[in-house]
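Observations on chain architecture
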Amino acid sequence: MRKVVVIGGGHNGLVCGAYLARAGYDTTLLERDKILGGAARTEEVWEGIKTSRASYLLSLMPEKIKRELELERHGLEILERNPSGLSLFPDGSYLAFHGDPAELRTEIAKFSEADADAYPAYEANLAAIGRAIEPAMLRPPPSLESMPSLAWDSVVNRKLWDHRFTLTDLMGMSGSEFLDQWFESEQLKSVLATDAVICAWLGPQDPGSAYVLLHHVMGETGGKAGVWGYVRGGMGEVSNSIARAGEEHGLTILRESPVAQIVLDDRKRAKGVRLENGSYLPADAVVCCASPRAMCRMLDGEMDEAYEKRVMRTSYKNGNAKINLVLNALPQFTCDPPEDFLRGTIHISPTVEYLQVAFDEARHGDMSSSPMIEMTIPSTLDDTLAPNGLWVANIFTQYLSWEASDRKDAYRERVIDIIDENAPGFRDSIVQKEILSPQDLQNIMGLDEGNAFHGGMGLASLGPMRPVPGYADFTTPIDRLFLGGSGAHPGGGVTGMPGHNAAQKVIQTV
Ligand SMILES: Cc1cc2nc3c(=O)[nH]c(=O)nc-3n(C[C@H](O)[C@H](O)[C@H](O)COP(=O)(O)OP(=O)(O)OC[C@H]3O[C@@H](n4cnc5c(N)ncnc54)[C@H](O)[C@@H]3O)c2cc1C
């Protein structure tokens, strides 16, 4: 039986390992940490409380992976949120994102009748583009040379014909410019603009941010496009369900087993790995599901120079900071939404300009004085996270730069103050709190520079360019060494797609 070693037990490494074991390979997965999942993990930071310490919502994982690995049978349960979002504005108004089109129409019409009319076509356009592009996410991207003819072909065979102008806008515009094509109300544009900047080192007025928006509306929950759900038990249950699927197929998972070196034979082919404890594991193939930078470090100078240079010079800059809280009461917002509206993501970033200023302040090594705030309270739908009377809250924020990480406590208090201004008494309801700066995300989860995507997701780092032109097919310049984490096509997010794709490449070639 062919032996494969997978480095990294993030959700992509687990998907890769599970597919390889299912295909009959003798597969061993090595994870540095004692907790599985990488950035898709549930952790008991405080005794008796489960929290999704980094990622907190699932949408981008294709049904194909969930179905083939039987993740539902292995414990994955997605909790749909309706309304999925609640945006708060300084004048005391709010916009609730209902799943029901008629209710959503009424909400948007509070701010603009024209926007309420335009929204269904906007949503349908993005969903259609997502559907047309999604199959390309589960195979190697086309080469740069073949792209013009493929693009022409997909237009001519009409898959994208009706959406060709929207697609061109998405590829070239800023999120803000793109949204201006569709809508007039600042309230609607500001909430949609958050998708254009999530986990990216960009503001919504910066070119390239429209593509980030498309990336974030591509997934589905319960067959509904663009819908993000909680995972019962926290995001670690995505990873744990994949691990259980893999183990059923014979995958061996070794925790607390950091790999120090990828070992090559005298023909410069990968032949195994050496762990930090000195032990050696031979393999017919090695798949690295840690970042491309981590892979180069594990090769200790043996990587092709041009490849390594490109990897090391790809930007990992980001301004993500995650605040996790335990509350003893639900927030009472002054705008007084019904209690079930607290199940969705509570957005505080009232204008597109607010988001841009937040980024501009952080761009040169500072932090936002008024950050983008996205608060979720998963305990409103999931009673497994905290004992009765306590609620887990996760606040995803931007932008705290790497350089400003040492001022993270002041940043956390500023975020709490902003929420408290909207919900007096919020600060007093906090019984536990932590903030993870980009530096913490690197130290705790192994994310280089705290980058959630294992490298930027600008157009120059996507498709045939990811991670390095000429190596977008999950191979590397080292024979028998493959890449299967978020640094590979189609990039970051809890999708499982890079892991799936790398496994298919191994199955075809090893
Ligand atoms: C704060 C935050 C919030 C986010 N929110 C969301 C969200 O809500 N929804 C969403 O879809 N995405 C979200 N993301 C992005 C998403 O979580 C990541 O893109 C994704 O989880 C990365 O998965 P991965 O398996 O590719 O890599 P990782 O999760 O980084 O896993 C890599 C694994 O490799 C291990 N490793 C590294 N080096 C070694 C070594 N030498 N030996 C052994 N093991 C090693 C690491 O410990 C880690 O477990 C968020 C990210 C962050 C940081």
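All values reported here derive from a predicted model rather than from experimental measurement.

**Focus: the overall build of the protein chain**
Counting secondary structure elements, the protein chain contains 16 helices and 21 strands. By the compact-globule yardstick of 24 Å for 510 residues, the protein chain fits well, its C-alpha radius of gyration being 22 Å. Taken along its principal axes, the extent of the C-alpha atoms in the protein chain is 70 × 60 × 45 Å. For the protein chain, the computed accessible surface area is about 19700 Å², with 49% contributed by carbon and sulfur atoms. Between the mean site of the 48 positive side-chain charges and the mean site of the 69 negative ones, the protein chain shows a separation of 7 Å.

**Overview of the site of the ligand**
In the region of the ligand, 36 residues are neighbours, and Glu-31, Leu-57, Ala-452, Ser-486 and Gly-493 sit closest. Within the contact set of the ligand, an oxygen atom lies 2.8 Å away from a side-chain nitrogen or oxygen of Asn-12. Between an oxygen atom of the ligand and a side-chain N or O atom of Ser-486, the distance comes to 2.7 Å. With the chains in place, 95% of the 1000 Å² that the ligand exposes on its own is no longer accessible. Looking at the shell around the ligand, its residues break down into 20 nonpolar, 13 polar and three charged.

**Notes on the sheet that holds strand 2 (residues 26-30)**
Ordered in space as 11-2-1-15-21, the five strands form an open sheet in which the pairing is parallel. If you trace the sheet from one side to the other, it starts and ends with strand 11 (252-254) and strand 21 (481-483), each paired once. Pairs of neighbouring strands in the sheet enclose a mean axial angle of 20°, with direction left out of account. Sheet topology places strand 2 next to strand 11; three bridges connect them, and they run parallel.

**Thoughts on the packing of aromatic side chains**
For the coordinates displayed, the defined rule picks out 14 aromatic pairs. Residues Tyr-122 and Phe-178 carry aromatic rings whose centres are separated by 6.2 Å and whose planes lie at 45° to one another, so their mutual orientation is tilted. Pair noted here: Tyr-122 is in helix 4 (residues 113-137) and Phe-178 is in helix 7 (residues 175-182), with a separation of 56 residues, a long-range link. Exposure class is identical for Tyr-122 and Phe-178. Each is buried. Pairing Tyr-307 with Tyr-471 gives two aromatic rings, centres 5.4 Å apart and planes at 80°, and the pair type is edge-to-face. On the criterion of sequence distance, the pair formed by Tyr-307 in helix 12 (residues 305-313) and Tyr-471 in the loop between helix 15 (438-445) and strand 21 is long-range, its members being 164 residues apart. In this structure an aromatic cluster arises from ring pairing among Phe-97, Tyr-119, Tyr-122, Phe-178, Trp-182 and Phe-183. In this structure, Arg-293 is placed above the aromatic ring of Tyr-316, and the distance from its NZ or CZ to the ring centre is 3.8 Å.

**A closer look at helix 15**
Within helix 15, burial applies to Pro-438, Asp-440, Leu-441 and Met-445. One side of helix 15 carries all its buried residues, which in axial view fall inside an arc of 155°. In this structure, the buried side of helix 15 is in contact with strand 16 (320-327), strand 19 (391-400), helix 14 (408-422) and strand 20 (430-436). Note on helix 15: the residue one or two positions beyond its end, Gly-446, has a positive phi of about 75°.

**Overview of the environment of Val-326**
Along the chain, Val-326 falls in strand 16. Put simply, Val-326 and Lys-50 are 276 residues apart on the chain and 9.9 Å apart in space, counted from C-alpha to C-alpha. Contacts of Val-326, omitting those with residues within four sequence positions, involve Trp-46, Ile-49, Leu-390, Trp-391, Ser-429, Ile-430, Val-431 and Gln-432.

Basis of the calculations
Residues numbered from 1 in each chain as written. Predicted model: local features only at pLDDT ≥ 70, side-chain atom pairs only at ≥ 80, totals over all residues. Heavy atoms only, no water. Helix = DSSP H or I, 4+ residues; strand = E, 2+ residues; numbered from the N terminus. Rg over C-alpha atoms; globule rule 2.2 N^0.38 Å. Areas by Shrake-Rupley, 256 points an atom, 1.4 Å probe, with all protein chains shown as cover. Lys, Arg positive; Asp, Glu negative; His and termini not counted. Charge placed at Lys NZ, Arg CZ, Asp CG, Glu CD. Near = heavy atom within 4 Å. Polar contact = N/O pair within 3.5 Å; in protein donor to acceptor, adjacent residues only side chain to side chain. Nonpolar A, V, L, I, M, F, W, Y, C, P; charged D, E, K, R; others polar. Pairing = 2+ DSSP bridges. Axes fitted to C-alpha atoms, helices over the stretch in contact; angles between N-to-C directions. Phe/Tyr/Trp six-rings, centres within 6.5 Å; stacked < 30°, edge-to-face > 60°. Buried < 20%, exposed > 50% of the residue type's maximum accessible area, 1.4 Å probe, protein only. Lys NZ or Arg CZ within 6 Å of the ring centre and 35° of its normal. Arc of directions from axis to C-beta. Contact = heavy atoms within 4.5 Å.

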